[in-house]
Every structure is written in C-alpha cells, then in structure tokens.
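Structural description and commentary
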Amino acid sequence: MKPVDFQYHRPANVSEAVRLLDELGDDAKIIAGGQSLLPIMNMRLAEPEHLIDITGIRALREYSETEASGLYGAATTHMMIEDGLVPDVANGLLQLAASGIGYRAIRTRGTFGGSLAHSDSSAEWPTVLSALNAVVHVESVNGKRQIPVRSLLQGFFSTALEPNELIVGVEVPRLADHTQWGLYKMARKVGEFAESLAVALRGPEGDELWLGAARDVPIRLAATESFVSGRSLDSMSISDLVDVIGSDTSSDGHRCQLHASAVYRALQDANRKEIHV
Amino acid sequence: MTAQKRRYGIGARVLRREDERHLTGRGAFIANLRLPDIQEVAFTRSQVAHGRLISVETPEGLPADRVWTATELAPLAEPLTATSTLKGFRTAPLPNLAEDKVRYVGEPIALAIAPTRAEAEDIASRIFPEIEPLPAVTDVKGALAGDSLVHDDWEDNIYATTSGDFGDVDGAARDAAVSITREYCMRRQAVVPLETRGVAAHYDRSADLLTVWSTTQTPHMIRDMIALQLGMEGRRVRVIAPDMGGGFGAKCSVYPEEIALAAIAMELDHPIRWVSDRWEAMISDTHSRDHHYRITAHAASDGTLLAVDADIVVDSGAYSVHPWTATMDASMSSAMIPGPYNLRNYRFQARSLASNKTPSGPYRGVARPGACLAIERTLDDLAHELGIEPHEMRIKNMVTKAQMPFTSVANKVYDSGDYAEAVRRAHTLIEHDAWREKQRAVKQEDRHRIGIGYGSFTEQTAHGCIEWATRGLAITIGVESARLTMDASGTFTLAVGIKSHGQGSETSLAQVVSEVFDVELEKITVLHGDTGLTPRGDGTFASRTMVMAGGATFGAAQALAEKVLRIAAVLLKEKVEHLKMSEGKVHGRKGSVDYATIAREFLFTPDHVPDVDPGLEVIYHYTSEVQTGAFTYATHAVVVDVDLDTGAVELLDYAIVEDCGTVVNPHIVDGQIIGGIAQGIGTALLEEIIYDADGQPKTTSFLDYLLPGASEVPEIKIGHMETPSPYTVFGMKGAGEGGSIAPPAAIANAVTDALREFGATINETPITPERVWTAFEHAKQKDLTGATR
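Residues numbered from 1 in each chain as written. Chains lettered and ligands numbered in written order. Predicted model: local features only at pLDDT ≥ 70, side-chain atom pairs only at ≥ 80, totals over all residues. Heavy atoms only, no water.

1. Some thoughts on the sheet that holds strand β12 (residues 196-203) of chain A
Residue and element names in this part refer to chain A. Across the sheet, 4 strands lie side by side as β11-β12-β13-β14; this open sheet has antiparallel pairing. Edge positions in the sheet fall to β11 (180-186) and β14 (219-220), since each of these pairs with one other strand and no more. Two elements, strand β13 (residues 206-212) and β14, share 2 bridges in a ladder whose sense is antiparallel. Paired with Trp210 across the two strands is Arg220, which belongs to β14. In this fold helix α11 (residues 253-272) packs onto β11, β12 and β13, with an angle of close to 145° to the strand it touches most, β11. (Pairing = 2+ DSSP bridges. Helix = DSSP H or I, 4+ residues; strand = E, 2+ residues; numbered from the N terminus. Contact = heavy atoms within 4.5 Å. Axes fitted to C-alpha atoms, helices over the stretch in contact; angles between N-to-C directions.)

2. Observations concerning the sheet that holds strand β21 (residues 524-527) of chain B
All names here are of chain B. Spatially, β21-β20-β19-β25 is the arrangement adopted by the 4 strands of the open sheet, whose pairing is mixed. Of all the strands in the sheet, the pair left with one neighbour each is β21 and β25 (617-623). On average, adjacent strands in this sheet sit at an angle of 15° to one another, irrespective of strand direction. Bridging between strand β20 (residues 492-496) and β21 involves 4 bridges; their strand directions are parallel. Across the sheet, Leu494 pairs through a bridge with Val526, a residue of β21. Across the sheet, helix α16 (residues 545-572) lies against β19 (479-486), β20 and β25, angled at about 35° from β19, the strand it touches most.

3. Section: the interface of chain A and chain B
Of the residues lining the interface, 19 residues belong to chain A; the matching set on chain B comes to 24 residues. Between chain A and chain B, the buried area comes to about 1,800 Å², and carbon and sulfur atoms account for 57% of it. When the area that chain A buries against chain B is broken down by residue, the three leading residues are Met1(A), Arg188(A) and His254(A), summing to 37%. The tally of links between chain A and chain B comes to 3 salt bridges. (Buried area = accessible area lost by both parts, 1.4 Å probe. Salt bridge = Lys/Arg side-chain N within 4 Å of Asp/Glu carboxyl O.)

4. Description of the pattern of salt bridges
Applying the stated criterion across every chain, the model contains 75 salt bridges over all chains. Close ionic contact of Glu389(B) with Arg436(B) constitutes a salt bridge, the shortest N to O distance being 2.8 Å. Taken as a pair, Glu389(B) in the loop between α10 (368-386) and α11 (390-397) and Arg436(B) in helix α13 (residues 432-441) lie far apart in primary sequence, 47 residues in all. Glu389(B) sits in the partly exposed class, given a relative accessible area of 24%. Notably, a salt bridge pairs Asp692(B) with Lys698(B), separated by 3.8 Å at the nearest N-O pair. Here the salt bridges share partners, and the residues they tie into one network are Arg44(A), Arg45(B), Arg117(B), Glu121(B), Asp122(B), Arg197(B), Glu257(B), Asp277(B), Glu280(B) and Asp285(B). (Buried < 20%, exposed > 50% of the residue type's maximum accessible area, 1.4 Å probe, protein only.)

5. Some remarks on the packing of helix α10 (residues 238-249) of chain A against α11(A)
All names here are of chain A. In contact at an axis separation of 8 Å, α10 and α11 are set at 115° when each is read in the N-to-C sense. Classed by the angle they form, the pair α10 and α11 counts as roughly perpendicular. The handedness of the crossing between α10 and α11 is right-handed. From α10, Ile238, Leu241, Val242, Ile245, Gly246 and Thr249 reach across to α11, where they touch Cys256, Gln257, His259, Ala260, Ser261, Val263, Tyr264 and Arg265. (Parallel < 35°, antiparallel > 145°, perpendicular 65-115°, else oblique. Left-handed = near helix turned anticlockwise from the far one by under 90°.)

6. Considering the packing of helix α6 (residues 219-230) of chain B against helix α7 (residues 256-265) of chain B
All names here are of chain B. Relative to each other, α6 and α7 sit at 60°, their axes nearing to 10 Å. With respect to each other, α6 and α7 are oriented oblique. The handedness of the crossing between α6 and α7 comes out as right-handed. Residues Ile222, Met225, Ile226, Gln229 and Leu230 of α6 lie in contact with α7, whose contacting residues are Glu258, Ile259, Ala262 and Ala263. Partitioning the contact of α6 with α7 into residue classes produces 7 nonpolar, 1 polar and 1 charged. (Nonpolar A, V, L, I, M, F, W, Y, C, P; charged D, E, K, R; others polar.)

Next up, the structure:
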C-alpha cells in the first residue's frame, strides 16, 4: 500500500497549475485534500506520474458573493463549511452536509472541488450541489467556462471535465428564504459513505427531490416528486413511497426500502424547518 | 500471604504505566525499529482462491537475493504442519510460500526485497504467478459436497469430526413439554488489531545469532518454531516482540511470514522487515468465527432444560494454523454449548471444514461467542414458547453456588461463583422492568420497537496442558515462568515469558510484586516479549496471563521476599518471624532497613550477611492446579431499538455483571470488559468478511468492513462480583476475553424480543439492517399467507 513513484508539483497560482496540467496531460492528477485520491494511489488503483498540489494556491480558498449566489474556492475544505468559516448560502444545508462527511480529520483536508471532481454519488457534495443547482467554474490554458454540477457529474469517477481543466470554484445559488430544505443520510455508521442520501427542497413551486447513492450519479426523483406533490406527509407512510421510488431508482428490496426511508425522512426534515421571511 | 491492604497491590485502582509512552508517541513498534541497512519486504499474494500454481515469473535484471519464491525458500525452511491427536484429524501443511497450489486469496507466493516498501511493491508487482484456476470452495454446502477438494489427497473437505453423547438425550426428549430446533450462523470475521502484523529479521554473523522481531503474542513459541522449521538449534534464535497495538488472537499463531523472513535473513548480510498493510491484514491475518449450528433443545413445562442436541460446523479455511489446528473452534464450541447450565443430557457432532478462505485462528472469545449465540438464542425461544421471562429461564437452569465446584456434562470443572446472581444483578442494572414498561408503551402504529435481551456464559480461562491435550493439540500449553531480581539499588526487575500487547500487564504484574514487597510500581521494571531476556513462557492468549504469569510472579516474589527477610534479620539482628515488609522497607520490632540498604549490603559486601545463600534472583515456574482452568462468568443485558422501516438496530442501554474472581486492577478489568464488548458489538452488528462464489473476499477495507467506533458503542454499565477461584493464586480468573462473548447472543435476543409480535427471529450475525428487515418482511409474508389460508 505505497504509491508508485510520482513527481510532485506545487504551483503558486491557477495559471501555473493549468499550464502544468496542460503540459502533463493524462499523466497528471490534481491533488487537493487527497482524501480519496491517496487511498486509491496507495492501493495502486491509480498510478499518476505527476501530482499537482493546488493547496498552495491562495485564490482557491477564497470566498466571494453576489446577491444571487456564493462562490466558494475549489479548495474550500469541508471543515471550513462545517465550522462556518465561510457563509452558507443554503441556509444551513451546506453546513449540515459538511458535518456528515467522513470524520473530522477527513473534513479538515477534503475539499469542495475535490469531491465534485471525484464524482462518487454516495458522497455528500454531488447530491447536495446537484439539488442546489450549483455551477462549477473551470479553467484551462484555453480559458474559462462554467459547468452546472448536474452536467459535470457523468458517472462513477467520471466527469465532463477535459483532461486539462481545473475546477477553480463552486458557485452555489442562494436558497430562497421560503424554500424549506431537508437532508437525510442513511449510513451504517457515523461518517461512512451513504447507502442512501436524500435532499428535499420544498418551495412555493413545489417539491424537488434528489437522491444520491442510488445510481452512478445523483438523480432527481421525478415520479416521486409528482407523487408527493400536494399530499401531506402525515397522510403517507414510507411504504407508500416504495413503489414510486422503486421506479425512479430501478431498485427493489431492502435498497429501495432504504431510499424510500431516506426520502421520507428528508421530507420530514424539510417540514420541520422554519420558513424565513 | 498478606492481610494488610497494599497501596499498589492486588485490587489497587492504579493507572496503566504503559499508557504514558503510548499517549505521548514514545512507543516502539515494529515499524519504528531502526536497524542499519534494513531493507523492506513486500509479498506477492495469490489473487486466485483455488488453483494450480504452474509457474512464477520473476522480473529480469535483479540481483538474485531480491526476489524469493518457493523454489529458493523451500530448501531453507519446512512448511508449518499443525498436528493433532484427534481421531481422523487430517493435517494440512501450511507452505511458507505457495508451491504446487494456491488455496486462498492472499496466500503468499513470492516476496521482494528493496530499500523501501514502495520499491519492494514495485518489484512485487512485476512478479507474475501463472495459476490454473480450480473451482473454489466458498461455503459450508460446497465444502460438504466435496466436489472440489481443497487438499487433493483428502477424500473430502473435513479436517476432523468429533462427537459426544452424554446422559440420555432421546429419553429426555420424550419427557419434554416443548422441543425446538433452530439454526444459527455467526459469519466470518477478520480480527483487526489496530497495528497490523510485522516481522523483521537479522542474522548477526559475529554472534552467530538470528534475531527475529515479530508482532507476536507468543515470542517463545515463535522462537521454537523458527528453530524447528529452519533446522537450527534454539540457542541461535532470539525472538523479540516490541510494543504492539493489540493482537486479539490474530498474532497468536505461527505465520509463514515469520518463518520466511527468518530463513531469508540467514542468507543475507542485512536486516529485512515486512510490515503488513491493511489489505494484506484483512486477507492474511487469521480469520475467525464462520460458525454454523443446528440446535435441538428440549424443556419441561416449568422451564427446566432437559437436553440439547448440537450439530456444529465451523468453516476453518484453507489451512490448519500452528499450533491451534483447524479444529480449535469446533472442539471448544462443543464443550461450551452447555454453558452455565445444569444440563445432564447432551449430544453433539462437531465438524471442521476446509475451504478456499483465509485460515482461521483464535479471536478473542475463541468459539464461545458462537456457542453462546446458539445456546442463548435457543434458551430465549424455549422461554418464549413456555411463556417465561428469559432472565427467569436462565436463573432456573443455572448451576447453583451450592453445586460448585461443578463438573459439566462436557467434563469441565466450573470452579466457583454464583451464576444466577449475575443474572439477577444484570436484570437490576439494566432496569429491566422500566424498559418493559417503555416497550409496552410503543404504539402499534409506531415504526420502531424496543427489545430486551440477555446473554449468559461461563468461560474457561487459563487452562492447563491437559486441557489443551484433550483438544488434540500436539503442543500443550500450561507453564508460565517469572524471574524476579533485586538489584544493588534495591529495585526490582521482573522478567516474564508472556507478551503484554495492550493488556497492561506491565502494570498488573508489577502490582503482584508490590503486593508482596509494598513498593511503588516505579521501582519495578517488567520485561516481557524477548526470549533473550525472559524465562520461557507460552505467551498471552486464552485469558491466561494474569492467572499464570501472575501466579509465577507471586511464586518468585514470595521466594525472593523470604530471602530479603532473612538478610534483614541479620542486618537488624531480629528474628525473621518478627519482620514485616511495608512501604519499601523491612520493619522489625526495634528498627527498620530499606530495600536499598539490604541489597547493597548483601550484593556489595556479602561478608556482612553471613549464613544467607548468595544471589538476589528467583525464578519460579507456574502450572495450573486444575487443568480445565478457572471459569469466569457473566451475564450481559442489552436494550435495543429496531427501526421497522430500515431494519437498523440501535443499542439503547447495555449492562454487564461479571465475575473474574479477585480483581487485580479494576481500571484494567473495566477496560478489558469495555473493549471486549465493543468487539462483540462488531460481531453482532457490523463485521463480516464476505466471499463471492469465486472465493474473492469482498470486504477487505474499512470502506466495506465496518468496525464499531465510539458512536456505535453505548455507555456500558458494569457490575462486578468477586468470587475467588479456589484453584489460583489470589483467586484470580482470566478477564481478557469475556466481554466479547455474549454481545452477539444478547443483541440477537433483544432484536428477536423486539420483533416477537411479528414472529421474526434473528439467528444470524452480523445483524445487518438488511437481515433484520428481511426477517421482518418474511414474517409479515408468512403472516399474510397464514391469514388467507
């Protein structure tokens, strides 16, 4: 469990980082917190020849905001969000999600951008940021572009990023004050990857339901949304959701039961939230 | 011998002396070892569960001593062959590196040596074994079918079958008011000490001494086996076990890596070291459990347990580990099924199977967690059939205090205690009646249920050699030695043959010395884990260290104390019988003299102390008075909350009342209990090594092999009873393993109790949400079919 030999680079700014990434191409991997990459390298499931460490780039830890959104540097750690060192534009949803990621030691290193680039749908950020319709800011030697998280995530460990592109920031739209959010993570133990991860957003326009750990990317539960629309939660039980969740997720048995429970509990969680006016 | 209360003696609640160095990062583990020119080793292990090893392709252009396969190693070291005297036992020699066949994923095939581990892994990754796959034997059904044979020269996949028939099971069955048959399964587990295994070896040509550092619970045994396997004289081998981060039985067997590194070091002019990584640990440390039971039990209408018939099958994996053999679990289990109960009619058959899985070895509790699950779940189901509260069912059937010492139906001598009192106290400690109230208060429509469960057991600890012999072991274990020396400054050095690897024996054994001499623990050094520095001993396992090494220490301390008193008598010009030792001095009627003066006078100027034989050093060898050991017992009680929607089980409350005889150090005993229970919770709820049909282990990292952590272990309420064993020094009984034995039984009983109204039963561990939910759903389906009929 030692990685193969690699060369280590620590650029001081984004332009140097993207230049290196462009030069080294497929042989290089970006490393930020390393909480997923390093175990994979130690297992020799990944054997990059070059590591480009972006944690020395101050700009990637910065936060800025507009009336519509907050822009988090890609190397913002889970801990910074959990501890409120950066504002939470989703009225507490980001903070709660961050606090459920792994263990404290992991959260002090793991990053916002890293989690998205890794694209594991049983992790928190892919689902939560899909639900919030966040947009990643990306740079390469060819310029800048923006990719919605929903299109960035293409599969397990697979994203829409070009090999020479670096995520530099994550822009999260402000959650409207009248939107109630709910989050429920189903895991065997505190800090484990989710077996099911549900986000419910309940606003005047209706409910939006997102689910992680069901497929290779987070999915929106369209059928379930229309099933629950207009019904009160008290009139439904988890078993009432099983069939429709099954069709949204193509799951059955205990897995489907877990998804149905997670969604139901996320809805319950959302209902408990005060509406800010 | 002493009536007065000692400050740091038996029963003193002193902090563990070893913790300071561990908590401040000053421990010296095998990975910390600094040896000049040391090179690191990486193994190439089989990725195939079962197959013929056709060839091993090694990388070109490397010096010959960088890569080793069986071709180079076999002439240097014999394979490990655990033998047994059990009738029909089949041996399964464990190669140091695979030769003609591979029999489990993780079996070492070759090893590479390089200046760093990463470079060694680079080389190892370029070693390509050519393996012709054979059908893998991966479950009990497949093993019993015998279509594929793990060992070609056997006619089936059974290491050995043992059986016994005591009393009149069939006769008792005819008189029974209720008879039930149940099947139970405790799935395969890894052992998972925090520190993985490691071995380093160096042959010192000037001293003609092979030194092997190993993370072993049994340094003297490893030394013997290295000498034997390498064909060397024992005097040329020294084994050192440095600081260790736990063992729990995983570091208790002799491993191929130890023999291989020792043999290769003899050929090299530099030291070599291998430190296992977690993936290797999960597939190459001995596994455990994988127990399968079919129990038929008969009871009278008043709850009296009349007879038990047990069919026990243990999947022991690919090889028989040395010295325990592949039949250890099955034979132990068959003797422990009768538990703490006054059972007179008992029949069993116990089969140990070979499969293409990692070899099984000891794990804290050895076999008893499985036996306890089987008998305790059965007892609860009998109680349910008869409408008796489970704790009352236990109390009714337990061996009574008046019956002690009691010879069990399986011929074990239960030495002492009040088993039923432990149940009563656990019942009180858990607040049974209050929980029953809360349980009843849960509404029908609520999506959760509460359950209460008990698990009782009596546990053989510190058994002697005859006991091991009855289990068929070729190496019978039963002697521990201690050498106690007083130096010229009047301080003490105790050297013992055991290896403390987390038990705090440096503290508790020093307490034994302090009990005799009444000195601060700081005045006593405890040496252990080095065959060059310690007298022979068998090691730390089977909850034996405190009883046996403690017994030896006491013997040595008493003998040394006699001499110290005689010296003091001369110096003080008083009679020996007028002297007593306290607070670091010998006090007479007229005066007193401290140990430093006694030692200096005696060692520097022996002429000042005529008529006392020279030497301030005593060696004492301890053997058990009663060979079946001292029986520790306990009752665990647990309250669970079961989520009917997900099947998740939460532990709401946990209590244990235990009796390990005289408690030497309450802190350490409590620590052992809590740690054991944590591991038992892992067995009960979380841990499982899953193999697929091809024999690939699917849960080899902490991503999918879940261990209990702080958030999974509730506050444990501990109640102590202290019934001294009549057969041991101070009445001590072993306390190391008990915590881990009953949690699976108690938790399975509690979850079953929670689901009684639905008729769902939990007979398999780990009790995963999926298993609970499935049992619940099946019961619901059955209920529906029943209703339409």
